[in-house]
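# Fold and geometry: a report
For reference, the chains in residue letters:
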Amino acid sequence: MADDDRSSVTSGIQFISFKMDRIDFSVTQELGVLAQRDHSNCEPVFEFAFRDALKFHGNETDSYVTGLQVKLTIKNKSDGKEIAHGLFVITGFFTSLGKFTKDVEEKIVKYQCPTILFPYIRAAISFTLSSAGFSTIVLPVINVNAAAKGANIKIVEPEANS
C-alpha cells in the first residue's frame, strides 16, 4: 500500500456544502425587553422539524438535498410573556459514491445528514442571539439522530430525474 493510500479516507457519503436559507428573528419592541441586560430570567423553547431528502441521480454519484429547521421562542420565566421568536432553516448538499446498500445509504441520509447539519444551525442561532443581545442563551446539544428517527423523513425522487 502506498503512503498516500493510507493517509486519505474517503467516506461513502460526502458533505459538499450547506446554506442557512432562512433566518427570521425578531425581538418584541418594548422598552422593558430592549433595556433588559440580564437574560437569566429568559426561557428558550425550541422546536425541530426535518426536511424530506431530495435524491438526484447522476452518472457516477447520487446527490441528496436535506435539511432541518428550528423554531425558537424566548419567554420571560416569571410571566410567560414572549420576548423574541425566530425561525432558522438550514439546507445541506451531500453526494453518495455508491459504497453502501440502498437501505444503509437511506439511513445515513435520513439520520446522519441532519446530525451533520445541526452544529451549523446551532452556531447560526447562537450568533444571532448574541448579536441581538441574548449572549447567555445557547441552543442545547440534542440527539439529532434519535429525533430524526422519530420524524418519518422520506427520500423523494423528483419526477424530472426519473
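Read on for an overview of the structure. (Residues numbered from 1 in each chain as written. Predicted model: local features only at pLDDT ≥ 70, side-chain atom pairs only at ≥ 80, totals over all residues. Heavy atoms only, no water.)

### Some details on the pattern of salt bridges
A complete count under the given rule lists four salt bridges for this structure. The partner of aspartate 21 in a salt bridge is arginine 51, with the nearest N and O atoms 3.7 Å apart. Of this pair, aspartate 21 sits in strand 1 (residues 13–27) while arginine 51 sits in strand 2 (residues 42–57); the two residues are 30 residues apart in sequence, bridging distant segments of the chain. Its relative accessible area of 29% is what places arginine 51 among the partly exposed residues. For lysine 55, the salt bridge goes to aspartate 62, with nearest N and O atoms at 3.6 Å. Lysine 55 gets classed as buried once you look at its relative accessible area, which sits at 10%. Taking relative accessible area as the criterion, aspartate 62 reaches 18% and is therefore assigned buried. (Salt bridge = Lys/Arg side-chain N within 4 Å of Asp/Glu carboxyl O. Helix = DSSP H or I, 4+ residues; strand = E, 2+ residues; numbered from the N terminus. Buried < 20%, exposed > 50% of the residue type's maximum accessible area, 1.4 Å probe, protein only.)

### Observations regarding the side chain of asparagine 145
In this fold, asparagine 145 is placed in helix 4 (residues 144–149). Owing to a relative accessible area of 17%, asparagine 145 belongs among the buried residues under this scheme. For asparagine 145, the residues in contact, after removing those within four places along its chain, are Tyr111, Gln112 and Thr115. (Contact = heavy atoms within 4.5 Å.)

These figures come from the coordinates and say nothing about function on their own.
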